[in-house]
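# Structure at a glance
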Amino acid sequence: MSAEGMDETEQTGAPSHHRAVLAVEVTALPEDQRPEPGPIAVLPQPSQRFVDAVESAGGTVEPLSERTRGVVWLSNTQAADFPAVLHAHPDIGWVQLPWAGVDAFADVLATEDRPGLIWTSAKGAYAQPVAEHALVLSLALLRVIPKRVRARSWATEQEGRSLYGLDVVIVGAGGIALELMRLLEPLGVRVTIVRRTASPVEGAVRTVTADRLSEVLPSADLVVVAAALTGGTRHLFGADKFAAMKDTAYLVNIARGGLVDTDALLEALRSGTIAGAGIDVTDPEPLPDGHPLWDEPNVIITPHQADTPEMTAPLLAERIRLNVHAFLDDGRFVGVVDPSAGY
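Residues numbered from 1 in each chain as written. Predicted model: local features only at pLDDT ≥ 70, side-chain atom pairs only at ≥ 80, totals over all residues. Heavy atoms only, no water.

### Examining the overall build of the protein
Where we set the bar: For the purposes of this entry, the term helix denotes a DSSP run of H or I that reaches at least four residues, the term strand denotes a run of E that reaches at least two, and both are numbered from the N terminus. For this measure, only C-alpha atoms enter the radius of gyration; the expected value for a globule follows 2.2 Å times N^0.38, where N is the number of residues. Residues count as neighbours in contact if any of their non-hydrogen atoms are within 4.5 Å of one another. All accessible areas in this document rest on Shrake-Rupley with a 1.4 Å probe, and a residue is counted as covered only by the protein chains that are shown. Just so you know, the count uses Lys and Arg for positive and Asp and Glu for negative, and it drops His and the chain ends. Charged side chains are reduced to one point each, which is NZ for Lys, CZ for Arg, CG for Asp and CD for Glu.
If you tally the helices and strands in the protein, you get 11 helices and 11 strands. Against the compact-globule benchmark of 20 Å for 343 residues, the protein has a radius of gyration of 21 Å, which places it among compact chains. Oriented by its inertia axes, the alpha-carbon framework of the protein measures out at about 70 × 40 × 35 Å. Relative to all contacts within the protein whose residues are 6 or more apart in sequence, the contacts with residues 24 or more apart total 69%. As presented, the protein carries roughly 15,800 Å² of accessible surface, and 51% of it is formed by carbon and sulfur atoms. For the protein, the centre of its 27 positive side-chain charges and the centre of its 45 negative side-chain charges are spaced 7 Å apart.

In structure tokens:
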């Protein structure tokens, strides 16, 4: 979710009851690697909530000029406009992006990164509402809610499964995965984490690398996709991965639509290769009217609203506040992006 469309939250002033969930400990950059502090531009259009966040941390908000040293970029749909800003202002040393995932800025990161430029995102900031949504989709699928909400007569066949004690595979080990594990803990599930490295994740019964995904799918009752979309993870779930899953297993995707091959998902649903899917993200997105996924009876589709502006605005404001403090003072940037890795 980007910062666009957050005016509703600004008007209501709704407080946030969420907190960020970070997968990586925040450490201070060495002093010789910190960007030069200075005025900050909030672009492409300033929003008062986020201007206030900058100023509350001691920052000075000014229009873009040769004095600008930091940029808070609030739009994901105008990523193509950003390179011109960096070209015209080579002294910019810190950029805050609005999303947890930075795939919308992949081309910008690949072409515009330079030594000394620090990129930060909202990674981890929106983990709690997104993990909550993943849990909602999971429970709804297991309890055959898609069928129930369409029913027009009293069902006599007993259907539905409990999430208690099931095998859950979570693809990704970021804030969403960690928060989802916390939510699942009272249910006694057995969690397998799939990630880039084999470093164990506390609370998971096993942690495996992404190249072993097919090995852990056959035992999974529920598979939750919570990974970053990069060149290496696009269509991570294709026909081969669905074939490895049980026909009673469900897929939940609250990350990015491009992680799943939509045609392969549709075929897996139609053939009964998997039991159903809950998706908050699609490829293409928005999912067009008339797309056959809309007609699949065992699918729940939500329109990329696992984190709404009401939820994300306070969280992004807090991330901005923390990173402005890092920019001006202690170098403890939160959500640092590795341009080469793509997240």
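After that view of the structure, there is still more to cover.
### As for the side chain of asparagine 323
With respect to the helices, strands and loops of the structure, asparagine 323 is situated in helix α11 (residues 309–330). For asparagine 323, the contacting residues outside a window of four places in its chain are Trp94, Gln96, Thr120, Arg332, Phe333 and Val334.

### Looking at the packing of helix α2 (residues 48–56) against α11
Short version of the rule: A fitted line through C-alpha atoms serves as each axis, taken over the contacting stretch for helices, and the angle formed by two N-to-C directions is quoted from 0 to 180°. Under this scheme an angle from 65 to 115 degrees is roughly perpendicular, one under 35 degrees roughly parallel, and one over 145 degrees roughly antiparallel; angles in between are oblique. In this scheme the handedness of a crossing depends on how the near helix is turned from the far one: anticlockwise by less than a right angle means left-handed, clockwise means right-handed.
Between α2 and α11, the least distance of the axes is 8 Å, while the angle of their chain directions is 30°. In terms of axis orientation, α2 runs roughly parallel to α11. The handedness of the crossing between α2 and α11 comes out as right-handed. Contacts from Arg49, Phe50, Ala53, Val54 and Ser56 of α2 reach α11 at Ala313, Pro314, Leu316, Ala317, Ile320, Arg321 and Val324.

### Focus on unusual backbone geometry
Following aspartate 283, the chain continues into proline 284 via a peptide bond in cis, with omega recorded as 10°. Residue position: proline 284 is located in the loop between β10 (276–279) and β11 (299–301). Here the bond from glutamate 285 into proline 286 is cis, since omega is 0°, no more than 30 degrees from zero. With respect to the helices and strands, proline 286 occurs in the loop between β10 and β11. Residue valine 144 is not a glycine yet carries a positive backbone phi of 45°. Take valine 144: it is sitting in the loop between α5 (127–142) and α6 (145–150).

### Concerning the environment of alanine 79
Within the secondary structure, alanine 79 sits in the loop between β2 (70–73) and α3 (82–88). When the C-alpha positions of alanine 79 and aspartate 107 are compared, they lie 8.9 Å apart, and in sequence the two are 28 residues distant. With residues up to four places along the chain from it excluded, the contact list for alanine 79 reads Trp73, Ala104, Phe105 and Val108.

### Points about the pattern of salt bridges
A side chain with one charge can pair with a side chain of the opposite charge if their charged atoms come near. The condition that has to hold: Salt bridges are identified by distance alone: a Lys or Arg side-chain nitrogen within 4 Å of an Asp or Glu carboxyl oxygen. In this scheme, a residue with accessible area under 20% of its type's maximum is buried, one over 50% is exposed, and one in between is partly exposed, where area comes from a 1.4 Å probe on protein chains only.
Counted by the stated rule, this structure contains 14 salt bridges. Between aspartate 283 and arginine 234 there is a salt bridge, with the nearest N and O atoms lying 4.0 Å from each other. Taken together, the residues span a long stretch of sequence, with aspartate 283 in the loop between β10 and β11 and arginine 234 in the loop between β8 (222–225) and α9 (239–244) at a distance of 49 residues. Given a relative accessible area of 46%, arginine 234 falls into the partly exposed group.

### Concerning the sheet that holds strand β5 (residues 167–171)
Cut-off, in case you're wondering: Two strands make a pair as long as DSSP finds a minimum of two bridges between them.
With parallel pairing, the seven strands of this open sheet are ordered in space as β7-β6-β5-β8-β9-β10-β11. The open sheet terminates on both sides in strands that have one partner only, identified here as β7 (206–209) and β11. Strand-to-strand, the axes of this sheet are offset by a mean angle of 15°, without reference to chain direction. For strand β6 (residues 190–195) and β7, the ladder comprises four bridges, and the chain directions are parallel. Following the sheet pairing, threonine 192 is matched in β7 by arginine 206. The sheet strands contacting helix α7 (residues 175–184) are β5, β6 and β8, and the helix crosses β5 at an angle near 165°.

### Digging into the pairing of strand β1 (residues 40–43)
Each regular strand shows side chains that alternate between the opposite faces of the sheet. Our working rule: Every crossover in which the path from the first strand over the helix to the second runs clockwise, viewed with the strands pointing away from the viewer, is termed right-handed.
Burial along β1 is two-sided: the face carrying Ile40 and Val42 and the face carrying Ala41 and Leu43 are both buried. Looking at chain direction, β1 and β2 are connected through four bridges and run parallel. Considered in β2, the bridge of alanine 41 is made with valine 71. Tracing the backbone out of β1, into α2 and back to the parallel element β2 gives a crossover that is left-handed.

### Section: the nonpolar core
Formally: Each nonpolar core is a collection of buried residues, namely Ala, Val, Leu, Ile, Met, Phe, Trp, Tyr and Cys, held together in the definition by side-chain atoms within 4.5 Å.
With 56 residues, the main nonpolar core has Leu163, Ile170 and Ile193 as its most contacted residues. What isoleucine 170 contacts, discounting residues up to four positions off in sequence, is Ala177, Leu180, Met181, Val191, Thr192, Ile193, Val194, Val224 and Ala226. Formed by 34 residues, the second largest nonpolar core is a distinct cluster that contains Val171, Ala220, Ala227 and Ala255.

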